[in-house]
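# A structural walkthrough
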Amino acid sequence: MTLQPVKGALPLTEKCHHYDDINEVPWDLQKYWHQRYSIFNFYDYDIRLTDDAWFGVTPEPIATKIAKDIRSHNHSTPRKDTIIDLFAGAGGNTIAFALSEKWDRVIGIEKDAATLACAQHNAAVYGVADAITWVHGDSLDFLARLKSTNPKSQGKLDPSLRVDFSKTVLFASPPWGGVSYRGQDVFDLSTMEPYNLETLHEACRPMEHALFLPRTSDLRQIAELVPDGDNSKVEVVQYCMEGASKAMVAYMPAE
Ligand code: MGP
């Protein structure tokens, strides 16, 4: 089947919650609910999240900072005009990219229909619904179709989703496989599930890509991605709130 942009807004379902009261919130999400205004400043304007999305959503000040930084980490020409958020989730980063007004095109990909419905709804709350092209699908499948030189596979991606690799930046905030990273002094990125560092990097390598990773990620594993003899620079930035790192972003050059 051809992968196409979502037409209109997917319907919100019973999984798309807006919790007003702590008593409604599942116990394992209560910590995040207490941080709701740091996560979405406009939370009270009917922001919606699926229960799974609470764990991975990027807090708004960090999403805004990344959206600001991401261009200044572009070392190559030509100018980048397209950004693809490979794991859009409830929309935190995608919305920040659209609000930054730096991109001709912002594409957000999300596999789960209810989570994507939340992202579209939240983008409308922030007034950027029309500035984002949404794709309901698997981002690695999307990248495989994008990169394929086989005309048959290329036909499986709507022409409106084709991009110029040299003008595109990928942003990936993947699932980290739970919260076990908290218990590890150094997080082994080869154990990240369902996609580990190598798989993600392999899928993204023709384009510049920024990878949002656990704050304790093993920097040696990130450095190993730069091929021998290549002088390319990889920048890794810790993003902090209230004096503590929340996560790091590795800014990877295109190969
Ligand atoms: P956290 O470690 O759960 O929170 O997530 P905190 O408050 O730093 O933990 P504590 O040790 O102080 O109790 C920190 C940040 O990591 C969150 O705000 C999310 O942005 C991000 N994050 C967490 N998880 C589990 C994921 C994930 O699976 N994927 C992605 N992309 N981001 C995540």
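Keep in mind it's a predicted model, so treat the numbers as computed, not measured.

Moving on to the site of the ligand. Within the structure, the ligand sits among 19 residues, and Tyr32, Ser173, Tyr181, Arg182 and Arg215 are positioned closest to it. Contacts to the ligand include Lys31, whose side-chain N or O atom sits 2.8 Å from an oxygen atom. Burial of the ligand by the protein chains amounts to 82% of its free accessible area of 660 Å². Only α1 (30–34) and α3 (53–56) provide two or more residues apiece to the shell around the ligand. Residues belonging to the shell around the ligand are distributed by class as follows: 10 nonpolar, 5 polar and 4 charged.

Applying the stated rule across the entire model yields 9 salt bridges. Across the pair Arg48 and Asp46 runs a salt bridge whose closest N-O atoms are separated by 3.0 Å. Between Glu255 and Arg205 there is a salt bridge, with the nearest N and O atoms lying 2.5 Å from each other. Of this pair, Glu255 sits in the segment after β7 (244–252) while Arg205 is found in the loop between α9 (197–204) and β5 (208–213), placing the two residues 50 residues apart along the sequence. Glu255 gets classed as partly exposed once you look at its relative accessible area, which sits at 44%. Because the salt bridges share partners, they merge into one network encompassing Glu202, Arg205 and Glu255.

Turning next to unusual backbone geometry. The step from Glu193 to Pro194 runs through a cis peptide bond, and the omega angle for that step is 0 degrees. Turning to its location among the elements, Pro194 is positioned in the loop between β4 (168–172) and α9. For Asp46, which is not glycine, the phi torsion reads 65 degrees and is therefore positive. Looking at the secondary structure, you find Asp46 in the loop between α2 (36–39) and α3. Judged by relative accessible area, which is 28%, Asp46 ranks as partly exposed. With a phi close to 50 degrees, Glu242 is a non-glycine residue in the positive phi region.

So, about the environment of Lys246. For Lys246, the position within the fold is in strand β7. Of the residues examined, Lys246 reaches a relative accessible area of 31% and is grouped as partly exposed. The spacing of Lys246 and Gly137 is 109 residues in sequence and 27 Å in space, taken between C-alpha atoms.

The next thing to look at is α9. Given 3.6 residues to a turn, an α-helix orients residues that are three or four positions apart in the same direction. Residues of α9 that are buried include every one of Leu197, Leu200, His201, Ala203 and Cys204, and no others. The buried residues of α9 all sit within an arc of 160 degrees when viewed along its axis, so they share a single face. Buried residues along α9 sit in contact with α7 (139–147), β4, β5, α10 (219–223) and β7.

Once that is clear, we can look at the side chain of Asp69. For Asp69, the location among the structural elements is in helix α4 (residues 60–72). Take Asp69: its relative accessible area is 9%, and that puts it in the buried class. Only 2.5 Å separates the side chain of Asp69 from the side chain of Tyr239, close enough to count as a polar contact. Apart from the residues lying within four places of it in its own chain, the contact partners of Asp69 are Tyr239 and Tyr251.

Let us look at the packing of aromatic side chains. Applying the stated criterion across every chain, the model contains 10 aromatic pairs. Between Tyr32 and Phe55, the aromatic rings sit 5.4 Å apart at their centres with planes inclined by 70 degrees, giving edge-to-face as the arrangement. Of this pair, Tyr32 sits in helix α1 while Phe55 sits in helix α3; the two residues are 23 residues apart in sequence, bridging distant segments of the chain. Here Phe55 falls in the partly exposed class, since its relative accessible area comes to 37%. Each ring, one from Phe97 and one from Phe171, has its centre 5.3 Å from the other, and the planes form 75 degrees; the classification is edge-to-face. Highlighted residues: Phe97 in helix α5 (residues 92–99) and Phe171 in strand β4, separated in sequence by 74 residues. Pair check on accessibility: Phe97 and Phe171 agree, each one buried.

Parameters at a glance
Residues numbered from 1 in each chain as written. Predicted model: local features only at pLDDT ≥ 70, side-chain atom pairs only at ≥ 80, totals over all residues. Heavy atoms only, no water. Near = heavy atom within 4 Å. Polar contact = N/O pair within 3.5 Å; in protein donor to acceptor, adjacent residues only side chain to side chain. Areas by Shrake-Rupley, 256 points an atom, 1.4 Å probe, with all protein chains shown as cover. Helix = DSSP H or I, 4+ residues; strand = E, 2+ residues; numbered from the N terminus. Nonpolar A, V, L, I, M, F, W, Y, C, P; charged D, E, K, R; others polar. Salt bridge = Lys/Arg side-chain N within 4 Å of Asp/Glu carboxyl O. Buried < 20%, exposed > 50% of the residue type's maximum accessible area, 1.4 Å probe, protein only. Arc of directions from axis to C-beta. Contact = heavy atoms within 4.5 Å. Phe/Tyr/Trp six-rings, centres within 6.5 Å; stacked < 30°, edge-to-face > 60°.

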